[in-house]
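# An overview of the molecular structure
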Amino acid sequence: MEKDAGQEQLLLSVADLREAADAGIIAEYDVEKLVRWASDRDVEARATQVEHTKGFNLVTVAYYFGAMLMISACAWFLGDKWDSLGTVGVLVTSIVYFGIALALGLWLREKGYKVGGGLLVTVAVCLVPLITYSIEKLLGFWPDVDPGSYDEYYTHIRGGWIVIELVTMAAALVALLYVRIGFLTAPLAFSLWYFSMDAAAWILGRDSLHGNEAAWVSVAVGAVTIAAGNIIDRTIHRPGEPRTEDFAFWCYLFGLMAFWGGFTSMNSDSEINKFLYLLLNIGLVALALFLKRSVFLVFGAMGVFGYIGHLAYRVFEDSFLFPFVLAIIGLVMILGTVCGQSYLRRVTRDEGRVNREW
């Protein structure tokens, strides 16, 4: 008899166990012993857990809200204080904040507060752009012309920013080697996205990209970021280590914003190109099923609905039957999905019956 791999992850509720006892498969006394054992183990696990990290709850909301406040205060608003602090003052203040966030984050992780400590390490990484800019400004070193004040870093495409982005990506990768928290991929993906635009401007010798140039650069970097997210998710996980962190989410999110946004912003009057855009978005939906990632479904669905809107308001603007045809197609898809699920459930039940008989 060949072992069914799915049985290794079979989950039974208390009601299932008691139903098995009623059927004479297991003794009722043993069921009660199992229930007490599982209950005691759950109580012990909760008692030894120092940090509540699962799900959408007050702890996670407070953690991430606090981290975003720190990132805003340290990395953004501090960058506006050049007139008050000067370059040296901003650099010293940033390094002090960086040291406090990093040291406190590592200390909290040692005490069992993995998420809280990891978020503080992420705050430290988010200070790297400001520290790097301050050092470059003091040295007068820029890979291109002086890009201007730091508050333009998040709003203007300039070749002079590329060292800042490279250093930030390196810092995020180094931190990921030692601190396992998915939010650390956010500054990595964000910097990669900005780096693509600034590097393209630097190579072309311009401060901005025009028309479809920016769109194609965005598409290319989006594809690279999505691939990087998948690689990180597959390689950073240690064998035997539980998958408690989603390392790919932020790379997928920023990657899709760049990739999907690039294609969506392209100017084209060709219906063939618009149909290819539809196929691309259907491909994103299929990729969502393959990778089991809802973020691909969201962007793919937006693209599909955008194309349907184009058909409704442009191609079939004067067609009376189009809304009805569209509704029938949607109804057929829903009923077809229901029938497909019913068929798969019946096939799975029949296969399970054959395996038990064997």
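Just so you know, these numbers come straight off a predicted model, no measurement behind them. Along every chain, residues carry numbers that run from 1 in the direction the sequence is written. Local features in this predicted model are restricted to residues whose pLDDT is 70 or higher, and side-chain atom pairs enter the listing and the counts only when it is 80 or higher, whereas totals over whole chains, interfaces and linings include all residues. As a rule here, side-chain values come from all non-hydrogen atoms in the structure, and water together with hydrogens is ignored.

### Let's talk about the overall build of the protein
Looking only at helices and strands, the protein has 13 helices and 0 strands in total. Counting from the N terminus, the helices are the DSSP runs of H or I reaching at least four residues and the strands are the DSSP runs of E reaching at least two. Written out in order from the N terminus, the α and β elements of the protein read α-α-α-α-α-α-α-α-α-α-α-α-α. Summary of the burial criterion: residues with accessible area below 20% of their type's maximum are buried, those above 50% are exposed, and those between are partly exposed, where the area comes from a 1.4 Å probe applied to protein chains only. When each of the 358 residues of the protein is scored for burial, the buried share is 35%. Contact criterion: two residues are considered in contact whenever any of their non-hydrogen atoms come within 4.5 Å of each other. In the protein, the proportion of contacts linking residues at least 24 apart, taken out of those at least 6 apart, comes to 63%. Each accessible area is a Shrake-Rupley estimate made with a 1.4 Å probe; only the visible protein chains count as cover when residues are assessed. Entry remark: accessible area of the protein is about 22000 Å², with carbon and sulfur atoms responsible for 67%.

### Some words on helix H6 (residues 128–139)
Since there are 3.6 residues in each turn of an α-helix, residues three or four apart along the chain are aligned in direction. Here H6 spans 16 Å end to end across 12 residues, near enough to the 16 Å set by a 1.5 Å rise per residue. Among all positions of H6, only Val128, Pro129, Leu130, Ile131, Thr132, Tyr133, Ser134 and Glu136 are buried. Of the residues flanking the end of H6, it is glycine 140, one or two places downstream, whose phi is positive at about 70 degrees. To estimate the expected span of a helix, subtract one from its residue number and multiply by 1.5 Å.

### Some remarks on a negative patch on the surface
Side chains of Asp16, Glu19, Asp22 and Glu28 sit close together on the surface and give a patch of like negative charge. The biggest single contributor to the negative patch is helix H1 (residues 14–22), with 3 residues. Along the chain, the position of glutamate 28 falls in helix H2 (residues 28–48). For patch detection, residues must exceed 30% relative accessible area and be free of salt bridges, and they are connected within 9 Å for like charges or within 5 Å for nonpolar side chains (Val, Leu, Ile, Met, Phe, Trp, Tyr). By definition here, a salt bridge exists when the distance from a side-chain nitrogen of Lys or Arg to a carboxyl oxygen of Asp or Glu is within 4 Å. The positive count covers Lys and Arg only, the negative count covers Asp and Glu only, and His and the chain ends enter neither. In this description, the location of a charge corresponds to atom NZ of lysine, CZ of arginine, CG of aspartate or CD of glutamate.

### What about the environment of leucine 127?
Looking at the element boundaries, leucine 127 is found in the loop between helix H5 (114–126) and H6. Residue class for leucine 127 comes out buried when judged on its relative accessible area of 1%. Separated by 32 residues in sequence, leucine 127 and isoleucine 95 have C-alpha atoms that sit 8.2 Å apart.

### Looking at the packing of helix H9 (residues 212–235) against helix H10 (residues 249–265)
The contact between H9 and H10 brings their axes to 7 Å, and the two run at 155 degrees. As summarised for this structure, H9 and H10 are arranged roughly antiparallel, according to the angle between their axes. Of the two possible hands of crossing, H9 and H10 adopt the one that is left-handed. When H9 is examined against H10, the residues Ala215, Trp216, Ser218, Val219, Val221, Gly222, Ala223, Thr225, Ile226, Gly229, Asn230 and Ile232 are found in contact with a partner set consisting of Cys251, Tyr252, Gly255, Leu256, Ala258, Phe259, Gly262, Phe263 and Ser265. Side-chain classes follow a simple rule in which Ala, Val, Leu, Ile, Met, Phe, Trp, Tyr, Cys and Pro form the nonpolar group, Asp, Glu, Lys and Arg form the charged group, and the remainder, Gly included, forms the polar group. A class-by-class count of the residues in the contact of H9 with H10 yields 13 nonpolar, 8 polar and no charged. Angles here are taken between N-to-C directions and fall from 0 to 180 degrees, while the axes themselves are lines fitted to C-alpha atoms, restricted in helices to the stretch in contact. Orientation is classified from the angle alone, with under 35 degrees giving roughly parallel, over 145 giving roughly antiparallel, 65 to 115 giving roughly perpendicular, and any other angle giving oblique. Put simply, a crossing is left-handed when the front helix is turned counterclockwise from the back one by less than a right angle, and right-handed when it is turned clockwise.

### Describing the packing of aromatic side chains
By convention, a stacked pair of Phe, Tyr or Trp rings (six-membered ring in the case of Trp) has centres within 6.5 Å and planes under 30 degrees apart, an edge-to-face pair has planes over 60 apart, and any other such pair is tilted. All chains considered together, the criterion is met by 12 aromatic pairs. Among the aromatic side chains, those forming a connected cluster through ring pairs are Phe183, Phe190, Tyr194, Phe249, Trp250 and Phe254.

### Digging into a nonpolar patch on the surface
Taken together, the side chains of Val88, Val92, Val96, Tyr97, Ile100, Ile135, Leu138, Leu139 and Phe141 present a nonpolar region at the surface, about 850 Å² in accessible area. Of all the secondary-structure elements, those providing two or more residues to the nonpolar patch are helix H4 (82–110) and H6. Position of valine 92 relative to the elements: it lies in helix H4.

### Section: the packing of H10 against helix H11 (residues 271–291)
At a minimum axis separation of 11 Å, H10 and H11 run at an interaxial angle of 165 degrees. Taken together, the axes of H10 and H11 are roughly antiparallel relative to one another. Seen along the crossing, H10 lies across H11 with a hand that is right-handed. On H11, the residues touching Tyr252, Leu256, Phe259, Trp260, Phe263 and Thr264 of H10 are Tyr277, Leu280, Asn281, Leu284 and Leu291.

### Let's talk about the nonpolar core
Ranked by internal contacts, the top residues of the largest apolar core, which has 30 residues, are Leu119, Ile181, Phe183, Leu184, Leu188 and Trp193. When residues of this core are assigned to their parent elements, the largest contribution, 7 residues, is made by H5. The residues contacting phenylalanine 183, other than those within four sequence positions of it, are Tyr64, Met68, Ile71, Leu119, Thr122 and Trp250. Only buried Ala, Val, Leu, Ile, Met, Phe, Trp, Tyr and Cys residues count toward a nonpolar core, and they belong to the same one when joined by side-chain atoms within 4.5 Å.

### Points about the environment of leucine 278
Residue position: leucine 278 is located in helix H11. Considering only alpha carbons, one finds leucine 278 and glycine 303, 25 residues apart in sequence, at a separation of 6.7 Å. Setting aside residues no more than four positions away along its own chain, leucine 278 makes contact with Val304 and Tyr307.

### Focus: the confidence of the model for the protein
pLDDT runs from 0 to 100 and stands for how confident the predictor is about each residue. Here the protein averages 75 in pLDDT, and 71% of its residues register 70 or above. Low pLDDT (under 50) marks residues 1–8, which in the prediction has 5 contacts with non-local residues, meaning those over four places away or in another chain. For the stretch residues 43–48, pLDDT sits under 50, and the model shows 0 contacts to residues farther than four places along the chain or on other chains.

### Some points on the side chain of threonine 132
Topologically, threonine 132 is positioned in helix H6. We define a polar contact as two N or O atoms separated by no more than 3.5 Å, with the added condition that, inside protein, one atom must be a possible hydrogen donor and the other a possible acceptor, whereas residues neighbouring each other in sequence contribute only through side-chain atom pairs. Engagement of the side chain of threonine 132 in a polar contact is seen with the backbone oxygen of valine 128, the distance being 2.8 Å. Not counting residues within four places of it along the chain, the set of residues in contact with threonine 132 comprises Val163, Ile164 and Val167.

### Overview of the environment of glutamate 32
As for its position among the elements, glutamate 32 is in helix H2. Separated by 14 residues in sequence, glutamate 32 and arginine 18 have C-alpha atoms that sit 8.7 Å apart.

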